[in-house]
Amino acid sequence: MERKVVLITGCSSGIGLHLALRLASDPSGSFKVYATLRDLESQGPLWEGVRARGCPPGSLEILQLDVTDSSSVAAARDHVTEGHMDILVCNAGHGLLGPLEAHSIEAVGSVLDVNVMGTIRMLQAFLPDMKRRRAGRVLVTGSVGGLMGLPFNAVYCASKFALEGLCESLAILLQPFGVHISLIECGPVRTAFQEKLERGPGGVLGSADLETRALFSRYQRHCERLFWEAAQDPEDVVEVFVQALRAPCPVLRYFSTERFLPLARLRISDPGGSQYVDAMYRTVFSEPEEEEASREYGGTEGP
Ligand code: NAD
């Protein structure tokens, strides 16, 4: 049986790590996984997972790949049978939290470089061969933050919105080539993502005004509640990736959870945008303080 060659970015932790191990240990034995890492020093969890799951020899190979470095992307492509790839998973990403004015322009550039330019570098490296062979699949880790704006996440959302436009545009052109591109839209997932959020020298809030600080406190309480209620385990989320890469006719978007679909639908059905903006404001900020203190978890809508 010929194995499908898969390359995944950002495998040192979280979704990438779990997806690499899930595919390398698939009972069908039908995947050869290139698990790529920006920093080879963080390969410990991958080897621990290989041992724990009993992945067959040769089912997983680790490669250095920094999506912000074109020469690193090219070296990885040359290593994997001259760019021959059945399934490419563009997963590497990171976030940036806080009011826009608190971010250094370097931190903004770094998020856009990893999340947007990094995905573009990967696609430029691997799509030509897929088009030539008229076969291949690309999965891109999307986010609820790519489907709707979220307060204190403007730059992260900008990066994930960019991926929506990128993938949707490519899906149209790739159709006659038999190459499929899909976004896996994730809600909150229990990974190291939140801990690794970029923070400026003055912290998340920098020198933000008092009103913005008060809103940020409300936002944080909202997020804590949301994570408590709705966060998914990476093991569950990667099953959605597996479903997408096994689908006979993959669609453009898969959702790891249906929880945010009502808000996404509201946003699409209101081109002017004010209904969505009001609804999101209410969802995040309009809970009376006294109610919050005694509130029982459960029953709220939205991210
Ligand atoms: P994570 O922090 O565990 O994983 C991110 C991975 O990207 C890490 O392995 C990190 O080393 C890698 N990475 C960062 N910069 C890189 C670079 N320059 N080159 C190569 N790799 C790089 O968090 P995660 O939750 O597993 O995140 C994976 C993806 O899921 C991201 O694209 C993120 O935006 C998306 N996502 C996460 C959540 C969540 O709540 N955790 C929600 C929606 C979407």
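Please read all numbers here as calculations on a predicted model, not as lab measurements. (Residues numbered from 1 in each chain as written. Predicted model: local features only at pLDDT ≥ 70, side-chain atom pairs only at ≥ 80, totals over all residues. Heavy atoms only, no water.)

Visitor: Looking at this model, I keep getting lost on the overall build of the chain. Mind explaining?
Guide: Scanning the chain from terminus to terminus reveals 10 helices and seven strands. By its C-alpha atoms, the chain is 60 × 40 × 35 Å across when sized along the principal axes. Among the 303 residues that make up the chain, the fraction classed as buried is 50%. The long-range fraction of contacts in the chain, counting pairs at least 24 apart against all pairs at least 6 apart in sequence, stands at 78%. Accessible surface computed for the chain: about 14,300 Å², of which carbon and sulfur atoms make up 54%. Side-chain charges in the chain split into 29 positive and 38 negative, and the spacing between the mean points of these groups amounts to 6 Å. (Helix = DSSP H or I, 4+ residues; strand = E, 2+ residues; numbered from the N terminus. Buried < 20%, exposed > 50% of the residue type's maximum accessible area, 1.4 Å probe, protein only. Contact = heavy atoms within 4.5 Å. Areas by Shrake-Rupley, 256 points an atom, 1.4 Å probe, with all protein chains shown as cover. Lys, Arg positive; Asp, Glu negative; His and termini not counted. Charge placed at Lys NZ, Arg CZ, Asp CG, Glu CD.)

Visitor: In this structure, what is going on with the pairing of strand β1 (residues 4-8)? I would like to understand it.
Guide: On a regular strand, each side chain points to the face opposite its neighbour's, so the side chains alternate between the two faces of the sheet. A large share of β1 lies buried, amounting to four of its five residues. In this sheet, strand β2 (residues 31-37) lies alongside β1 in parallel orientation, the contact comprising five bridges. Of the residues in β2, the one forming a bridge with Ile8 is Ala35. For the crossover from β1 across helix α1 (residues 14-24) to β2, the handedness is right-handed. (Pairing = 2+ DSSP bridges. Right-handed = clockwise from strand over helix to strand, strands pointing away.)

Visitor: Can you walk me through the packing of aromatic side chains in this structure?
Guide: A ring pair, where both rings are aromatic, is described by two values, the distance of the centres and the angle of the planes. For the structure on display, the rule yields six aromatic pairs. Measuring from ring centre to ring centre gives 6.5 Å for Phe152 and Phe285, while their planes differ by 80°; the resulting arrangement is edge-to-face. Within this pair, whereas Phe152 is found in the loop between β5 (136-143) and α5 (154-174), its partner Phe285 is found in helix α9 (residues 274-285), the two being separated by 133 residues in sequence. Take Phe152 and Phe285: they sit in the same class, and that class is buried. Pairing Tyr281 with Phe285 gives two aromatic rings, centres 5.1 Å apart and planes at 50°, and the pair type is tilted. Here Tyr281 pairs with Phe285, and both are found in helix α9, just four residues apart, close to one helical turn. Given a relative accessible area of 7%, Phe285 falls into the buried group. A network of ring pairs unites the aromatic residues Phe152, Phe216, Tyr219, Tyr281 and Phe285 as a single cluster. Directly above the aromatic system of Tyr34 lies the positively charged group of Lys32, at a separation of 5.0 Å from the ring centroid. Here the basic side chain of Lys131 rests over the ring of Phe177, its NZ or CZ set 4.7 Å away from the ring centre. (Phe/Tyr/Trp six-rings, centres within 6.5 Å; stacked < 30°, edge-to-face > 60°. Lys NZ or Arg CZ within 6 Å of the ring centre and 35° of its normal.)

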